[in-house]
Amino acid sequence: AARVALATDDLDRAIASGNASLAQHLDPATLATVGDAWRRKGDTLQAEQYFRAMEAMSQAPPGGFHRSWYLALLDHDRRIPEVLARVQADLETRPDIYGYDLLAWALFKSGRLAEARQAMARALAWGTEDPGLRARARAIGAGP
């Protein structure tokens, strides 16, 4: 509900529903969503508190490497070199579409555009229709 509210620019509802969700289950993606809502409202200090909490949670995710949490870090320009190193290591044992997608985004965020386009081409080669993947491909300049 918080992500939908943010997408429709209902910032107060995004904050309220995000906080309600966080009271039940602490989740880095929801922390990022609430932080984004505060940032759009112009309260960068409040937003930063949520982003720092998101970053802290992503330090040691339960069960190890958690791609969606690292994607949230990259989306907010946090710990880019660390995420890049972790995704490169992860790809050694789990070479799949979302690994290459995450690698492409980490390379892009690192300013390594040519390598990002190559990694994204590998992700797109799987033919998966995913709006997030397509949006990142467009941002990198590697897809329609």
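Shown above is the structure to which this text applies.
First things first, this report covers the structure right here in the doc. (Residues numbered from 1 in each chain as written. Predicted model: local features only at pLDDT ≥ 70, side-chain atom pairs only at ≥ 80, totals over all residues. Heavy atoms only, no water.)

**Points about the overall build of the protein**
The helix and strand inventory of the protein stands at 9 helices and 0 strands. Each helix (α) and strand (β) of the protein, taken in turn from the N terminus, gives the series α-α-α-α-α-α-α-α-α. Seen along its three principal axes, the alpha-carbon backbone of the protein occupies a region of about 40 × 30 × 25 Å. Relative to its full complement of 144 residues, the protein shows a buried share of 44%. The contacts in the protein between residues at least 6 apart in sequence include a share of 45% that link residues at least 24 apart. Put simply, the protein shows about 7400 Å² of open surface, and 54% of that area lies on carbon and sulfur atoms. Each charge class in the protein can be summarised by its mean position, and for the 18 positive and 18 negative side chains these summaries are 2 Å apart. (Helix = DSSP H or I, 4+ residues; strand = E, 2+ residues; numbered from the N terminus. Buried < 20%, exposed > 50% of the residue type's maximum accessible area, 1.4 Å probe, protein only. Contact = heavy atoms within 4.5 Å. Areas by Shrake-Rupley, 256 points an atom, 1.4 Å probe, with all protein chains shown as cover. Lys, Arg positive; Asp, Glu negative; His and termini not counted. Charge placed at Lys NZ, Arg CZ, Asp CG, Glu CD.)

**Considering the nonpolar core**
Formed by 41 residues in total, the largest nonpolar core has its most connected members in Leu 74, Leu 103 and Met 120. Residue contributions to this core peak at 8 residues, all from helix H7 (residues 97–109). If we ignore the near neighbours within four places in the chain, the residues touching Leu 103 are Leu 84, Val 87, Gln 88, Leu 91 and Ala 119. (Core = buried A, V, L, I, M, F, W, Y, C linked by side-chain atoms within 4.5 Å.)

**Some thoughts on H7**
Owing to its 3.6 residues per turn, the α-helix aligns residues three or four sequence positions apart on the same side. The end-to-end C-alpha distance of H7 is 18 Å, a good match for the 18 Å that 13 residues give at a rise of 1.5 Å each. Within H7, 10 of the 13 residues are buried, which leaves it mostly tucked inside the rest of the structure. Taken residue by residue, H7 has Ile 97, Gly 99, Tyr 100, Asp 101, Leu 102, Leu 103, Ala 104, Trp 105, Ala 106 and Leu 107 as its buried positions. A positive phi of about 85° marks Gly 111, the residue just after H7. (Expected span 1.5 Å × (residues − 1).)

**Regarding the environment of Thr 8**
Examined against the element boundaries, Thr 8 turns out to sit in the loop between helix H1 (2–7) and helix H2 (11–24). For Thr 8, a relative accessible area of 51% puts it in the exposed group. Between the C-alpha atom of Thr 8 and that of Leu 103, which follows or precedes it by 95 residues, the distance is 29 Å.

By themselves, these figures tell us nothing about what the structure is for.
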